[in-house]
Amino acid sequence: MRYFNTAGPCNRLKHYMIEPSTRIKGVERLIDMEQYFVIHAARQSGKTTYLNDLTDRLNAGGQYYALYCSLESLQGITDPTKGIPEIVTKIKNTLEELDFPHAAEFAKNPNFANFTNVLNRELKRYCKVLDKPLVILFDEADCLSDDALITFLRQLRDGYNTRSRIPFVHSIALVGMRNIRDYKARIRPDSASLGSASPFNIVTKTYMLKNFTKDEIRSLYSQHTEDTGQQFDESAIDMVYEQTQGQPWLVNAIVCEVITEMLDYDYSKPVTQELVEEAIQTIILRRDTHIDSLLERLKEERVRKVIEPVITGDNPQIDRLSDDYLYACDLGLIRNEKAKIIPANPIYAEVIARTLSFNCQDEILLMKPDFEIPRYLKNGRIDMDFLMLDFQQFWRNNSEIWEQRFDYVEAAPHLIMMAFLQRVINGGGQIHRDMAAGTGRLDLCLVYENEKYPIELKIRYDTKTLEKGLVQTARYMESYGCSRGWLAIFDRRKSVKWDKKLFLRSETIDGKKITIVGL
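Residues numbered from 1 in each chain as written. Predicted model: local features only at pLDDT ≥ 70, side-chain atom pairs only at ≥ 80, totals over all residues. Heavy atoms only, no water.

Kindly report on the overall build of the chain, identifying the contributing residues and their values.
A count of helices and strands for the chain gives 20 helices and 15 strands. Along the three orthogonal principal directions, the C-alpha set of the chain runs to about 80 × 60 × 40 Å. Taking the contacts inside the chain whose residues are at least 6 apart along the sequence as the reference set, 70% of them involve residues at least 24 apart. Counting only carbon and sulfur atoms, one obtains 47% of the accessible surface of the chain, whose full area is about 23500 Å². (Helix = DSSP H or I, 4+ residues; strand = E, 2+ residues; numbered from the N terminus. Contact = heavy atoms within 4.5 Å. Areas by Shrake-Rupley, 256 points an atom, 1.4 Å probe, with all protein chains shown as cover.)

I'd love a proper account of helix 13 (residues 323–330), names of residues and values included.
Of all the eight residues making up helix 13, eight are buried; the element is thus mostly covered by neighbouring parts of the structure. Those residues of helix 13 that fall on the buried side of the exposure criterion are Asp323, Asp324, Tyr325, Leu326, Tyr327, Ala328, Cys329 and Asp330. Downstream of helix 13 by one or two residues, Gly332 has phi in the positive range, about 85°. (Buried < 20%, exposed > 50% of the residue type's maximum accessible area, 1.4 Å probe, protein only.)

Help me get a handle on the sheet that holds strand 2 (residues 65–70), residues and values and all.
As summarised here, the arrangement of the five strands in space is 2-3-4-1-5, forming an open sheet in which the pairing is parallel. The open sheet has two edge strands, strand 2 and strand 5 (203–208), and neither has a second partner. Sheet twist, expressed as the average angle between the axes of neighbouring strands with direction ignored, equals 15°. In terms of strand pairing, strand 1 (residues 36–40) meets strand 5 through five bridges, oriented parallel. The residue bridging Ile39 from the neighbouring strand is Tyr207, located in strand 5. The strands that helix 3 (residues 80–97) touches are strand 2 and strand 3 (134–139); relative to strand 2, the one it contacts most, it runs at about 125°. (Pairing = 2+ DSSP bridges. Axes fitted to C-alpha atoms, helices over the stretch in contact; angles between N-to-C directions.)

Give a detailed account of the packing of helix 7 (residues 214–228) against helix 9 (residues 248–262), specifying residues and quantitative values.
Remark: helix 7 packs on helix 9, axes separated minimally by 11 Å, with the N-to-C direction vectors making an angle of 35°. As for how helix 7 packs across helix 9, the hand of that crossing is right-handed. Seen from helix 7, the contacting residues are Ile217, Leu220, Tyr221 and His224; seen from helix 9, they are Val251, Asn252, Val255 and Ile259. Along the lines of polarity and charge, the residues of the contact of helix 7 with helix 9 split into six nonpolar, two polar and no charged. (Left-handed = near helix turned anticlockwise from the far one by under 90°. Nonpolar A, V, L, I, M, F, W, Y, C, P; charged D, E, K, R; others polar.)

Tell me what's going on with the pairing of strand 11 (residues 442–448), and back it up with residues and numbers.
Counting buried positions over the seven residues of strand 11 gives seven, a clear majority of the element. Of the two faces of strand 11, both are covered, the one formed by Leu442, Leu444, Leu446 and Tyr448 as well as the one formed by Asp443, Cys445 and Val447. Where strand 10 (residues 430–434) and strand 11 come together, five bridges link them in antiparallel fashion. What sits directly across from Gln430, in strand 11, is Val447. Sheet topology note: the strand 11/strand 12 (residues 451–460) ladder contains seven bridges and is antiparallel. Looking at the pairing, Asp443 lines up with Glu456 of strand 12. If you look at the hairpin formed by strand 11 and strand 12, you'll find two residues sitting between the two strands, and Glu449 has a positive phi there, around 50°.

Which residues make up the packing of aromatic side chains, and what are the values?
On inspection of all chains with the given rule, the structure shows 19 aromatic pairs. When the ring of Phe391 is compared with that of Phe490, the centres are 6.4 Å apart and the planes differ by 85°; the resulting orientation is edge-to-face. Placement of Phe391 in helix 17 (residues 384–403) and of Phe490 in strand 13 (residues 484–491) is noted, with a sequence separation of 99 residues between them. Considered together, Phe391 and Phe490 belong to a single accessibility category, that of buried residues. (Phe/Tyr/Trp six-rings, centres within 6.5 Å; stacked < 30°, edge-to-face > 60°.)

I'd like to hear about the pairing of strand 6 (residues 334–337), residue by residue, with values.
Relative to strand 7 (residues 340–343), strand 6 runs antiparallel, the two being bridged by four bridges. Looking across to strand 7, one finds that Glu337 is bridged to Lys340. Where strand 6 folds back onto strand 7 in an antiparallel hairpin, the turn is made up of two residues, including Lys338, whose phi is positive at roughly 55°.

Go over unusual backbone geometry, please, and point to the residues and values.
Unusually for a residue other than glycine, Gln44 sits at a positive phi of about 55°. When its relative accessible area of 33% is taken as the criterion, Gln44 is described as partly exposed. Although it is not a glycine, Glu140 adopts a positive phi angle of roughly 55°. As for its placement among the helices and strands, Glu140 is situated in the loop between strand 3 and helix 5 (146–162). Residue Glu140 is classed as buried on the basis of its relative accessible area of 10%.

Go over the sheet that holds strand 11, please, and point to the residues and values.
Taken together, the six strands give an open sheet; going across it, the order is 10-11-12-13-15-14, and neighbouring strands pair in mixed fashion. Strands at the two margins of the open sheet, each flanked by one partner only, are strand 10 and strand 14 (503–509). The mean angle between the axes of side-by-side strands here comes to 25°, regardless of whether they run parallel or antiparallel. When strand 12 meets strand 13, the two strands line up parallel, connected through six bridges. Bridge pairing in strand 13 links Arg460 to Asp491.

Outline a nonpolar patch on the surface, supporting the account with residue identities and numerical values.
On the surface, a nonpolar cluster with roughly 220 Å² of combined accessible area is contributed by Phe386, Leu389 and Leu504. Along the chain, Leu504 falls in strand 14. By relative accessible area, which is 32% here, Leu504 ends up partly exposed. (Patch = residues over 30% accessible without salt bridge, like charges linked within 9 Å, V, L, I, M, F, W, Y side chains within 5 Å. Salt bridge = Lys/Arg side-chain N within 4 Å of Asp/Glu carboxyl O.)

Tell me about the confidence of the model for the chain, and name the residues and values.
Here the chain averages 90 in pLDDT, and 95% of its residues register 70 or above. Contacts for the low-pLDDT stretch residues 188–197, under 50 throughout, to residues beyond four places or in other chains number 12 contacts. (pLDDT = per-residue confidence, 0-100.)

So what's going on with a negative patch on the surface? Residues and values would help.
On the surface, a cluster of negative charge is contributed by Asp233, Glu242, Glu274 and Glu277. Topologically, Asp233 is positioned in the loop between helix 7 and helix 8 (234–244). What makes Asp233 partly exposed here is its relative accessible area of 30%. (Lys, Arg positive; Asp, Glu negative; His and termini not counted. Charge placed at Lys NZ, Arg CZ, Asp CG, Glu CD.)

Would you mind going over the nonpolar core in detail, with residue names and values included?
Tyr221, Ile311, Ile382 and Phe420 are the most contacted members of the largest nonpolar core, which totals 96 residues. Per-element tally for this core: the top contributor is helix 18 (residues 412–425), with 10 residues. In contact with Ile311, not counting residues within four places along its chain, are Ile352, Leu356, Tyr408, Ala411, His414, Leu415, Met418, Met435 and Leu442. Membership of the second largest hydrophobic core comes to 37 residues, among which are Ile87, Val88, Ile91 and Tyr126. (Core = buried A, V, L, I, M, F, W, Y, C linked by side-chain atoms within 4.5 Å.)

Before we move on, could you go through helix 17 and cite the residues and values that matter?
An ideal rise of 1.5 Å per residue puts 28 Å on 20 residues; helix 17 reaches only 24 Å between its terminal C-alpha atoms. Those residues of helix 17 not exposed but buried are Met384, Leu387, Met388, Asp390, Phe391, Gln392, Phe394, Trp395, Asn398, Ser399, Trp402 and Glu403. (Expected span 1.5 Å × (residues − 1).)

Below, the structure is given as structure tokens:
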């Protein structure tokens, strides 16, 4: 019985999977043209599955010898005197394990002392004895860094440039999370030069392994239906696509959680939207390895510079050609939608917000255990004005202490309010978050017992903040069909005393009542 795979490469005999050959177009043509190229995508997007399938197809075609070689074991090796011999040894071991023709001839007596040329020399020698062109697919190539990476690429470049006279590798793929232009960022600042012998000019084309489309998700799930008869509601598929934006690991993890844990393999029960929503919350709270490894990147300064304005809504004039922005895209943390920089999907937005505010949530519970839903319920609805008054006092008493603890200093007000609201709503509701750099705000909507409470967060920069905020809040309320909303404005001016900052008053805009919360 096949199943949905959430760990490692997929096997078509064991796992439900999208046909790998359909995920990238034109690779075989590029190989026929003897080109070197890059494939990149975020972790657990299906890169290794695609490479294994491509290797099998090339070898089955009979025109090439195709070798898949992972460089993951070289993570952290920066010294080329160690890194290059490790690469040569890795290739040799892989050739022998796969019983490649003349495998024993590769690196038979390597001169590792000549680390600047040994890889080039051994590949040339091996290609001479083969009766067909050699294609090598280097997986996890971005595990290499610094001088080990430079030396590796320069030897490939040398072989590439002389192969019209001396046999060398016919085609090479460098595969990893990052595009090859980011390899350069890891070695030298943009302003520095690697000289005329740059190793980065051998790549003809860069491919990005994209997320699943909604039709591909439907096709993937239909394989399970064909095997078991279990049905998927269309609304469930819509929810998976909306929440994951087709990220392959999430697409598989959600349905795996529903089928194996929630329904306990009872195929007579359909997969519904409600089950999908519950599975998503479980995955967010459980923080599986995939999510944990992704969120580790939030600690990196270059990631913070991009994610922080996404949280706050600020427009820091992010250069979309800069390495920091492209790096965050390559990691799968963000995407560009309608000229706005937003989290890659709503699930990542949720885990980013919860992760950055997690410690604050815990301390709120210790400080004030009754900051929970029952405290704020009035006739079955949340008394938001009462809740906001509590938050005002919490902000006044704790903001200076907590702001110093956040690495994301500019986003501290937003993260502290989200922590407070999350602590409250954990009693059975949800928070919908709309983050986007350049909007000048963070939009939140509390949902409890099918009632919606839209909140807009802004930082006061000038006298127009309130005017803009009211218009933006009214639009946000309109998107949820709500007649009441709350506009929270954080006044960051040091010269203004707390008694002036803290207030609660209401205004009506186009028939909509908006409570302004001064902070």
